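# Observations on the three-dimensional arrangement
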Amino acid sequence: MDCDDEVMLTVRITAAERALLRALARGHGGDLSDVAVDGLLEVVPALYDDASALPLRRVLARPAPCALTLWLPAPVVDLLPLLGERLARTAGPAARPASAALSAALRLWLAGDRAVLAAGLARLHGGCGAGTPAAGRAGITVAA
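I will try to describe carefully the structure that is included in this document. (Residues numbered from 1 in each chain as written. Predicted model: local features only at pLDDT ≥ 70, side-chain atom pairs only at ≥ 80, totals over all residues. Heavy atoms only, no water.)

## Looking at the overall build of the chain
Secondary structure assignment for the chain yields 7 helices and 2 strands. From first element to last, N terminus to C terminus, the chain shows the α and β order β-α-α-α-β-α-α-α-α. Partitioning the contacts of the chain with sequence separation of at least 6, the portion at a separation of at least 24 is 76%. Roughly 7400 Å² of accessible area belongs to the chain as shown, and the carbon and sulfur atoms make up 57% of that amount. (Helix = DSSP H or I, 4+ residues; strand = E, 2+ residues; numbered from the N terminus. Contact = heavy atoms within 4.5 Å. Areas by Shrake-Rupley, 256 points an atom, 1.4 Å probe, with all protein chains shown as cover.)

Given below as structure tokens:
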């Protein structure tokens, strides 16, 4: 991609979340940004449901001391202000900036079951069918 097609944003996540993201990325060429985009595309639609309010508040309430820089495609970044507005209504004005919205969405996705995350990525990148042990076949190992 040309640099005009990508936007650099910094997210705040925990050390454990960063380790999990790196482990997931190792199974997909080592690109943290690509894995983060895949996770965002999975979780962002669910954040517009009213049932997401409590999980978002829980994620935002936990400290996130680690900064991580990601390169995101411009169309994905275009969704973040809308997500920021949703988060501001749900979790307060501190979640309004695009980077805070990205952090919250990424952290919510990473809070999922590790095996399910790995299997979802394997299906997305490996074309594995549903109901198969995709993570194992794709060579993804996610430590507990």
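## Focus on empty space enclosed by the protein
Scanning the model with the defined rule gives 1 cavity of 30 Å³ or more in all. Lining the largest cavity we find Leu40, Leu41, Val44, Val76, Leu79 and Leu80. Among the elements of the structure, helix 2 (32–43) and helix 4 (74–91) are those that each provide at least two residues to the lining of the largest cavity. When residues of the lining of the largest cavity are assigned to their parent elements, the largest contribution, 3 residues, is made by helix 4. Tallied by class, the residues present in the lining of the largest cavity amount to 6 nonpolar, no polar and no charged. (1 Å grid on protein atoms, 1.4 Å probe; cavity = no way out; pocket = protein on both sides within 12 Å on 5 of 7 lines; lining within 4 Å. Points joined across faces, edges and corners; volume = space filled by probe spheres on them. Nonpolar A, V, L, I, M, F, W, Y, C, P; charged D, E, K, R; others polar.)

## A look at helix 1 (residues 15–26)
If you check helix 1, its first and last C-alpha atoms are 16 Å apart, about what 12 residues at 1.5 Å a residue would give, namely 16 Å. Taken residue by residue, helix 1 has Glu17, Leu20, Leu21, Ala23, Leu24 and Ala25 as its buried positions. (Expected span 1.5 Å × (residues − 1). Buried < 20%, exposed > 50% of the residue type's maximum accessible area, 1.4 Å probe, protein only.)

## Quick notes on the nonpolar core
The biggest cluster of nonpolar side chains holds 36 residues, and the ones touching the most others in it are Leu21, Leu24, Leu70, Leu72, Leu83, Leu106 and Trp109. Residue assignment for this core shows that the elements contributing at least two residues are strand 1 (6–13), helix 1, helix 2, helix 3 (53–61), strand 2 (66–73), helix 4, helix 5 (98–110) and helix 6 (114–126). With 8 residues, the top contributor of residues to this core is helix 5. Setting aside chain neighbours within four positions, we find leucine 106 in contact with Val11, Ile13, Leu21, Ala36, Leu40 and Leu70. (Core = buried A, V, L, I, M, F, W, Y, C linked by side-chain atoms within 4.5 Å.)

## A look at the environment of glycine 84
As for its placement among the helices and strands, glycine 84 is situated in helix 4. As a C-alpha pair, glycine 84 and leucine 102 span 18 residues in sequence and 8.2 Å in three-dimensional space.

## Quick word on the pattern of salt bridges
Scanning all chains against the criterion turns up 2 salt bridges. As a salt-bridge pair, glutamate 17 and arginine 62 come within 2.8 Å of each other at their nearest N and O atoms. Of this pair, glutamate 17 sits in helix 1 while arginine 62 is found in the loop between helix 3 and strand 2, placing the two residues 45 residues apart along the sequence. Accessibility expressed as a relative area gives 7% for glutamate 17, which makes it buried. (Salt bridge = Lys/Arg side-chain N within 4 Å of Asp/Glu carboxyl O.)

## Remarks on the environment of leucine 117
Relative to the assigned elements, leucine 117 resides in helix 6. With 97 residues separating them in the primary sequence, leucine 117 and leucine 20 have C-alpha atoms 9.9 Å apart. Residue contacts for leucine 117: discarding those within four places in its chain leaves Leu20, Leu24, Trp109, Leu110 and Gly112.

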